[in-house]
Amino acid sequence: MAVAFSSSVEEVLKRTVHISRQTVSDHSDEELSQCFELDRCSKWINDRSFRRVALQFPDDLLSMSVRVAQKLGSTVADCKLYILGDTSFGSCCVDEVAAEHAACQGVIHFGHSCLSPPSRLEVLLVLGVYPIDWTPLGLQLSQIQPTAFEPPSAASQPDKASQPADIEFLVIVDTKYCSQIDIIRGQLPSGAIIGHPIVPGDENPECEGREMFRRIFPTRRPLSDFRSLLWVGRDGQALVNVLLQFYSATVWAYDPETGTLQRQGMSIVSINRYGCFS
C-alpha cells in the first residue's frame, strides 16, 4: 500500500465539485465585500504598490471570481488582476508557479487553506467571513451524553464517567470558519481546547501551546494523549487527515452548512474517496 502525495491527472478531470450554499452568485455587493474581505485585499495591494496580482479561487468559489475581481479591481490603482482557476492539485495550497507564469508579484488566496507558508511570492490568505448560525452546534453538544467525548474504554466504566465540563477534548475548525472561532468557542463546553490557525505572514499566534495541523492548541498536554476530538467543517480531505492522525480517538464532526453533528470513523470508503492511498 503506497501513499499518494498528489492527485492523478485522471482524478482531476473526474473530480466532483461541491458547490456550497454560501457561494451562490446572488450575494449583494456588501455581502461579497464582507465575505471576501475586499477592503483588506485592496489595502494589501495598494500598500505594496503591486502592478500584477493573482487571485486564486478553489473550484467551489470560481463562480464568484469574476465579480470579486471586478469589485476589487475598482479599488486598486494600476494593478492587473489575474484569476487562477486551473489549479490541478490541492487548491488549499498557493499556486505560486501559475502566478509566476503571469509575472505576478503576489497572490491572494481565497477559501480553504492548508496554511502552508509560501516559498517565493508574497501571499495574502483570505479564509472568508461566512454568516453562520452556530446555535445548533451548542444545542446538539448539550444533548449528547457526557461520555460521548470519552474514549470507549472510559465510557464503558460508569465510575469513570465525567461531566461535560470536566472532559477535555480538542477542537479543530476548518480554515473556512476560522474567522468565527470566538463565536464557536461560546457554543462549546469549558473543556474544549480549540486550535488557533498559524496564518503565513502572522507567525506570532495569540496563544502558546502545542502545534499540529498548522494550529496552536493552548495546552501543555501532548496532543497524542487526547482521545476525543471535535471537527468543525465539511466532510473532505481535511477531515480524513484528522481521522488518520487520531485513528484511535473518538471523533465528532459538525457540518455548519447542514447543522448536523455526527460521530466519525475511518473507513476504506473514506480512504478511496479522497485518494489518501493507492
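- As recorded by an unreviewed UniProt entry, the chain carries the name Diphthamide biosynthesis protein 2-like and is attributed to Tropilaelaps mercedesae.

**Brief notes about the environment of tryptophan 134**
No. 1: Tracing the sequence through the fold places tryptophan 134 in the loop between strand 4 (122-126) and helix 6 (135-143).
No. 2: In sequence terms tryptophan 134 and glutamine 180 are 46 residues apart; their C-alpha atoms lie 9.4 Å from each other.
No. 3: In contact with tryptophan 134, other than residues within four places in its own chain, are Tyr177, Gln180, Ile183, Ile184, Gln187, Val232, Tyr254 and Pro256.
No. 4: In this structure the side chain of tryptophan 134 is engaged in a polar contact, spanning 2.8 Å, whose partner is the side chain of glutamine 180.

**Some remarks on the pattern of salt bridges**
No. 1: For the structure on display, the rule yields 10 salt bridges.
No. 2: Note that aspartate 47 is salt-bridged to lysine 43, the shortest N-O span being 2.7 Å. Remark: lysine 43 and aspartate 47 occur in helix 3 (residues 38-48); sequence separation between them is 4 residues, near one turn of the helix. Taken individually, aspartate 47 and lysine 43 each receive the classification exposed, so the pair is uniform in this respect.
No. 3: Within the structure, one salt-bridge network assembled from shared partners comprises Lys176, Arg234, Asp255 and Glu257.

**So, helix 3**
No. 1: Turning to helix 3, its buried residues number three or more, namely Leu38, Cys41, Ser42, Trp44 and Ile45. Buried residues along helix 3 cover an arc of 160° about the axis, so they all sit on one side. For helix 3, the exposed residues set more than 90 degrees away from the buried face come down to Asp39, Lys43 and Asp47.
No. 2: Looking at the buried positions of helix 3, the neighbouring elements they touch are helix 2 (29-35), strand 1 (52-56), helix 4 (65-73), strand 2 (80-84), strand 3 (106-110) and strand 4.

**Points about the sheet that holds strand 5 (residues 169-173)**
No. 1: On the basis of which strands lie adjacent, the open sheet formed by 5 strands has the order 6-5-10-11-12 and mixed pairing. The open sheet is flanked by strand 6 (192-194) and strand 12 (260-264), the only strands paired with a single partner. The mean angle between the axes of side-by-side strands here comes to 25°, regardless of whether they run parallel or antiparallel.
No. 2: Relative to strand 6, strand 5 runs parallel, the two sharing 3 bridges. Each bridged residue has a counterpart across the sheet, and for leucine 170 the counterpart in strand 6 is isoleucine 193.
No. 3: Where helix 9 (residues 237-245) meets the sheet, it contacts strand 5, strand 10 (228-232), strand 11 (250-255) and strand 12, and its direction lies at approximately 175° from that of strand 10.

**Things to note about the state of the cysteines**
No. 1: As enumerated under the stated definition, the model contains 0 disulfides in all.
No. 2: With no disulfide of its own, cysteine 114 lies closest to cysteine 93 among cysteine sulfurs, the gap being 3.5 Å.

**Quick notes on the pairing of strand 4**
No. 1: Burial runs high along strand 4: 4 of the 5 residues are buried.
No. 2: Both strand 3 and strand 4 contribute to a ladder of 5 bridges, which runs parallel. Bridge pairing links histidine 109 to leucine 125 in strand 4.

Cut-offs applied
- Residues numbered from 1 in each chain as written.
- Predicted model: local features only at pLDDT ≥ 70, side-chain atom pairs only at ≥ 80, totals over all residues.
- Heavy atoms only, no water.
- Helix = DSSP H or I, 4+ residues; strand = E, 2+ residues; numbered from the N terminus.
- Contact = heavy atoms within 4.5 Å.
- Polar contact = N/O pair within 3.5 Å; in protein donor to acceptor, adjacent residues only side chain to side chain.
- Salt bridge = Lys/Arg side-chain N within 4 Å of Asp/Glu carboxyl O.
- Buried < 20%, exposed > 50% of the residue type's maximum accessible area, 1.4 Å probe, protein only.
- Arc of directions from axis to C-beta.
- Pairing = 2+ DSSP bridges.
- Axes fitted to C-alpha atoms, helices over the stretch in contact; angles between N-to-C directions.
- Disulfide = S-S within 2.5 Å.

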